[in-house]
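Below are the chains, spelled out letter by letter.
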Amino acid sequence: MERGYIVLLIVLIIATGRGEGQLVENFYSSSCPNVEGIVRQAVSTKFSQTFTTIPATLRLFFHDCFVTGCDASTMVSSPNGDAEKDAPDNLSLAGDGFDTVVKAKQAVDAVCPKVVSCADILALAARDVVVLAGGPSFNVELGRRDGMVSKASLVKGNLPEPEFTLSQLNAMFAKHNLSQIDMIALSGAHTLGFSHCNRFAKRLYSFSSSSPVDPSLNAEYAQQLMSACPKDVDPSIAIDMDPETPRTFDNVYYQNLVSGKGLFTSDEVLFSDPASQPTVSDFAQSSGDFSGAFATAMRKLGRVGVKTGRQGSIRTDCTVIGS
């Protein structure tokens, strides 16, 4: 009896000490059994209004998880302009991503009030937009609670920069228990969406003293980028991250890297660095290998820093802490 009690105690200590161990796929099977269908319908409706729903929601999930964990802290609005979403690195998060989660939360709460967290709705919506764009489906683990802290000051240094090297990328992802293969697979989300010109202008106009244009850029692609993003371009101008199939979730992003058409240095380095090149070549040739790795990486990303049990709360308004 005593031995059984000790074993149980150890299991409880492990479970409470590591939040990520407590997510389960059927978390709402009795409290809100139709949550996945309700979220999927809300996301689909939003997508029918604007394609931006897809990249915006996926990027919101990533930015949320990398700062204080997957806890919907990026959703929070502050009257003082000092919440996570107000940090410089988050100002380019498109409003359609936020709106997708808010609409899905309203739809869920109409059926199961105060049961499903904003963090779980964001995780489900991120999966659903990948599927809508033609990407792989995967089961989403649930049971996250919403965070109680959202500060702009916590963002800096916690999101990948467009000029990162492979070692910098690996170090940042490793902090969240994500491997190099996970990192390369998640970078494939750049098959969708867009970027503002200032995020890569250095590669076109001031790369180095000997070469203003980054020599690793495909010359024809560099010319296209210069046409779209002249030196004094309007800062609101954005261009597709994937110049070939910007509205389809596919492995063309990796084919682009092989051709020198990675938009950011942190994209192109995945192919130019010999340590990561074999994985990029594999994903470029095999959409199945990429899809499998992406699904695995998304499930691992969804476990980062989660609040479970009595931690955090279930917000009624995703934009207000403790609501």
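The structure under discussion appears in the preceding block.
Rules behind the numbers
- Residues numbered from 1 in each chain as written.
- Predicted model: local features only at pLDDT ≥ 70, side-chain atom pairs only at ≥ 80, totals over all residues.
- Heavy atoms only, no water.
- Salt bridge = Lys/Arg side-chain N within 4 Å of Asp/Glu carboxyl O.
- Helix = DSSP H or I, 4+ residues; strand = E, 2+ residues; numbered from the N terminus.
- Buried < 20%, exposed > 50% of the residue type's maximum accessible area, 1.4 Å probe, protein only.
- Disulfide = S-S within 2.5 Å.
- Contact = heavy atoms within 4.5 Å.
- 1 Å grid on protein atoms, 1.4 Å probe; cavity = no way out; pocket = protein on both sides within 12 Å on 5 of 7 lines; lining within 4 Å.
- Points joined across faces, edges and corners; volume = space filled by probe spheres on them.
- Nonpolar A, V, L, I, M, F, W, Y, C, P; charged D, E, K, R; others polar.
- Phe/Tyr/Trp six-rings, centres within 6.5 Å; stacked < 30°, edge-to-face > 60°.
- Lys NZ or Arg CZ within 6 Å of the ring centre and 35° of its normal.

(A) Quick peek at the pattern of salt bridges. By the definition in use, this model includes 15 salt bridges. Two residues, Lys261 and Glu244, come together in a salt bridge whose shortest N-O distance is 3.2 Å. Taken together, the residues Lys261 in the loop between helix H10 (252-258) and helix H11 (265-272) and Glu244 in the loop between strand E2 (238-240) and H10 connect sequence positions 17 residues apart. A residue is classified by how much of its surface remains accessible, and Lys261, at 21% relative accessible area, is partly exposed. In this structure, a network of salt bridges that share partners links the residues Glu25, Glu141, Arg299 and Arg303.

(B) A look at the state of the cysteines. The full count for this structure, using the stated rule, is four disulfides. Shown here is the disulfide that connects Cys32 with Cys112, its sulfur atoms set 2.0 Å apart. For the disulfide bridge between Cys32 and Cys112, the dihedral angle about the S-S bond is near 75 degrees, and by the sign convention the bridge is right-handed. With Cys32 in the loop between helix H1 (2-17) and helix H2 (35-49) and Cys112 in the loop between helix H4 (95-111) and helix H5 (118-132), the pair connects residues that are 80 residues apart, well separated along the chain. Considered together, Cys32 and Cys112 belong to a single accessibility category, that of buried residues. In this model Cys65 forms its disulfide with Cys70; the gap between the sulfur atoms is 2.1 Å. Disulfide Cys65-Cys70: torsion about the S-S bond near 120 degrees, hence right-handed.

(C) Quick look at H11. Burial analysis of H11 places six of its eight residues in the buried class, which makes it a mostly covered element. Close packing links the buried residues of H11 with helix H6 (166-174), helix H7 (180-187), helix H8 (201-205), H10 and helix H12 (277-285).

(D) Focus on empty space enclosed by the protein. For the structure on display, the rule yields two cavities of 30 Å³ or more. In this structure, the largest cavity occupies an estimated 70 Å³ of space. Lining the largest cavity, in full, are Phe61, Ala123, Phe138, Asn139, Val140, Glu141, Arg144, Met298, Arg299 and Gly302. Grouping the amino acids of the lining of the largest cavity by side-chain chemistry returns five nonpolar, two polar and three charged. Within this model, the second largest cavity holds a volume of roughly 40 Å³. His190, Met241, Asp242, Pro243, Tyr253, Asn256, Lys261, Gly262, Leu263 and Asp267 are the residues that line the second largest cavity. In terms of residue class, the lining of the second largest cavity is made up of four nonpolar, three polar and three charged.

(E) Seen up close, unusual backbone geometry. The backbone of Thr68 sits at a positive phi, close to 60 degrees, despite the residue not being glycine. When you line up the elements, Thr68 lands in the loop between helix H3 (53-66) and H4. For Thr68, a relative accessible area of 32% translates into the label partly exposed. Although it is not a glycine, Ala72 adopts a positive phi angle of roughly 60 degrees. Inspection of the secondary structure puts Ala72 in the loop between H3 and H4. Relative accessible area serves as the criterion here: at 0%, Ala72 is assigned to the buried category.

(F) Highlighting the packing of aromatic side chains. Counted under the stated rule, the structure contains 12 aromatic pairs. Ring plane angle 65 degrees and centroid distance 6.3 Å describe the contact between Phe47 and Phe51, whose orientation is recorded as edge-to-face. Taking the centre distance of 5.6 Å and the plane angle of 15 degrees together, the rings of Phe249 and Phe290 count as stacked. You can see Phe249 sitting in the loop between E2 and H10 and its partner Phe290 sitting in helix H13 (residues 287-301), a full 41 residues away along the chain. By the burial criterion, Phe249 is buried, and Phe290 matches it. By the ring-pair criterion, three or more aromatic residues cluster together here, those being Phe249, Tyr253, Tyr254, Phe283, Phe290 and Phe294. Across the ring face of Phe98, the terminal group of Lys85 is positioned such that the distance to the ring centre comes to 4.7 Å.

Just geometry here; none of it tells us what the structure is for.
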